[in-house]
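In case you want the letters, here they are:
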Amino acid sequence: MDNQFGKTSRLSVSAVCRDGRTILDDVSFTAPYKLMKPFPKANGGIQIMPVCASAGIMRGDTQEFAYRVGAGADLEVLSQSFDKIHKMDSGSASRHIRIEVEPDAVLYYAPQPVIPFAQSAFDSEMEIHLADASANFFLQDIISCGRTAYDERFAYRRFSSKVLITRENELIYRDNTRYEPDKMPMEGMGMYEGYTHMANLFLSGPCTPLQEPIWDILEQAEGEGGVTALTQGDLAVRIFGTRAQQLQRTAEKIRQLYENSL
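Attention in this report is confined to the structure presented alongside it. (Residues numbered from 1 in each chain as written. Predicted model: local features only at pLDDT ≥ 70, side-chain atom pairs only at ≥ 80, totals over all residues. Heavy atoms only, no water.)

### What to know about the overall build of the protein
A tally of regular secondary structure across the protein gives two helices and 19 strands. Radius of gyration (C-alpha) of the protein: 18 Å, near the 18 Å computed for a compact globule of 262 residues. Along the first, second and third principal axes, the C-alpha set of the protein runs to 50 × 45 × 30 Å. Here the protein holds 262 residues, and 49% of them are scored as buried. Accessible surface, the protein as shown: approximately 12,400 Å² in total, 47% of it carbon and sulfur. The protein carries 27 positive and 35 negative side-chain charges, and their two centres are separated by 7 Å. (Helix = DSSP H or I, 4+ residues; strand = E, 2+ residues; numbered from the N terminus. Rg over C-alpha atoms; globule rule 2.2 N^0.38 Å. Buried < 20%, exposed > 50% of the residue type's maximum accessible area, 1.4 Å probe, protein only. Areas by Shrake-Rupley, 256 points an atom, 1.4 Å probe, with all protein chains shown as cover. Lys, Arg positive; Asp, Glu negative; His and termini not counted. Charge placed at Lys NZ, Arg CZ, Asp CG, Glu CD.)

Right under this line is the structure:
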C-alpha cells in the first residue's frame, strides 16, 4: 500500500541492563510519536509508554516500531490510550513491529485495545525473535468489534493481524487473523458467537505448569476462553468478552501468574 503522506512514522527503542537496572541506551522516533520518560519498576526494570500526537490511525498511515531488549534487561511496553483506527473512505493503514529479546531478558508487550471504526481497513504484522529459552516474552493483544455506542458493531472493512514468533531462529508460533465482516458471519458459529471483544495472549515457555492455573482464572472470568500448550512449552490464550476492561482484568491476572513464575 502506498503511503499518501510519503513518510513512515517510526519508533525504535533499545533497553539494556546496567548494574542490575534496566535503562534505555538508544531511542529514536519521528512524528507523530515520541517516548515518555521511563517509569521504574521495583525489580529494576522499567515501563515505557510511547505517546502519539495524532487522534489515531488514519488512511494512508504507515508505522514501523522496533524494540530490542538486551541480555538481562526487563522492559514493559504500554500505550497511552485505546488505538483508534479511524473511518477510511478508501485505502488502508498498516503497522509493522519488530521485537528482539536477548538471553535472560524479559519483555511485557501490553498495549491498550484496538478499536476499528466503521469502514476502516488496517493491516498489522509483528515479528518477535527470542534468542533462546531464557528470553521471556508476554504478549497481550485485544481487539474490539468497533464503536458499539455508534452502532458500529463489526462495521469495519478489514482487520488483519499476523504474529510470527521464533526462538533460536526456529518458528514456535504463528497467528494469521484476517476479518472482513462483509464476507464473514462475525457473530456466527466459529467466530465471535455473540461476543464483541477478543484477547490474544502469548506466554513464552516453559509454561506448561501454568496451564491449569490459567484455566482456573478463565473459568472464574466473565466471557469464555481457552489455553493451548505449544510444542516447546509456550502457551497461547484466547479470550472472548463483551467489554475491553473485562479482558484486561483477566489478562492482568494471567500476566501476574506468569511474572511470579519467572
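Picking up where we left off.
### Let's talk about the pairing of strand S15 (residues 158–167)
For S15, the tally of buried residues reaches eight of ten residues, placing the bulk of the element in the interior. Two strands pair when backbone bridges link them, and strand S13 (residues 121–130) and S15 are joined in this way by ten bridges, in the parallel orientation. When the sheet's bridge partners are listed, Glu127 is paired in S15 with Leu164. In this structure, S15 lies alongside strand S16 (residues 170–179), joined through nine bridges in antiparallel fashion. Residue pairing for S16: Val163 is matched across the bridge by Asp175. Once S15 ends, the chain turns through two residues before running back antiparallel as S16, passing Glu168 with a positive phi of about 50°. (Pairing = 2+ DSSP bridges.)

### Things to note about the sheet that holds strand S10 (residues 93–101)
On the basis of which strands lie adjacent, the open sheet formed by seven strands has the order S2-S1-S7-S10-S13-S15-S16 and mixed pairing. The open sheet has two edge strands with one neighbour each: strand S2 (21–29) and S16. Strand-to-strand twist in this sheet, taken as the mean axis angle between neighbours without regard to direction, amounts to 10°. Alignment of strand S1 (residues 9–18) against S2, held across eight bridges, turns out to be antiparallel. Across the sheet, residue Leu11 finds its bridge partner in S2, namely Phe29. (Axes fitted to C-alpha atoms, helices over the stretch in contact; angles between N-to-C directions.)

### Side note on empty space enclosed by the protein
Scanning the model with the defined rule gives one cavity of 30 Å³ or more in all. Taken as a whole, the largest cavity encloses approximately 100 Å³ of empty space. Considering the residues around the largest cavity, the lining is formed by 14 residues, among which Asp141, Ser161, Asp175, Thr177 and Asn200 are closest to the centre. Within the residue set of the lining of the largest cavity, elements represented by two or more residues are strand S14 (136–144), S15, S16 and strand S17 (197–203). Across the lining of the largest cavity, the residue classes tally to nine nonpolar, three polar and two charged. (1 Å grid on protein atoms, 1.4 Å probe; cavity = no way out; pocket = protein on both sides within 12 Å on 5 of 7 lines; lining within 4 Å. Points joined across faces, edges and corners; volume = space filled by probe spheres on them. Nonpolar A, V, L, I, M, F, W, Y, C, P; charged D, E, K, R; others polar.)

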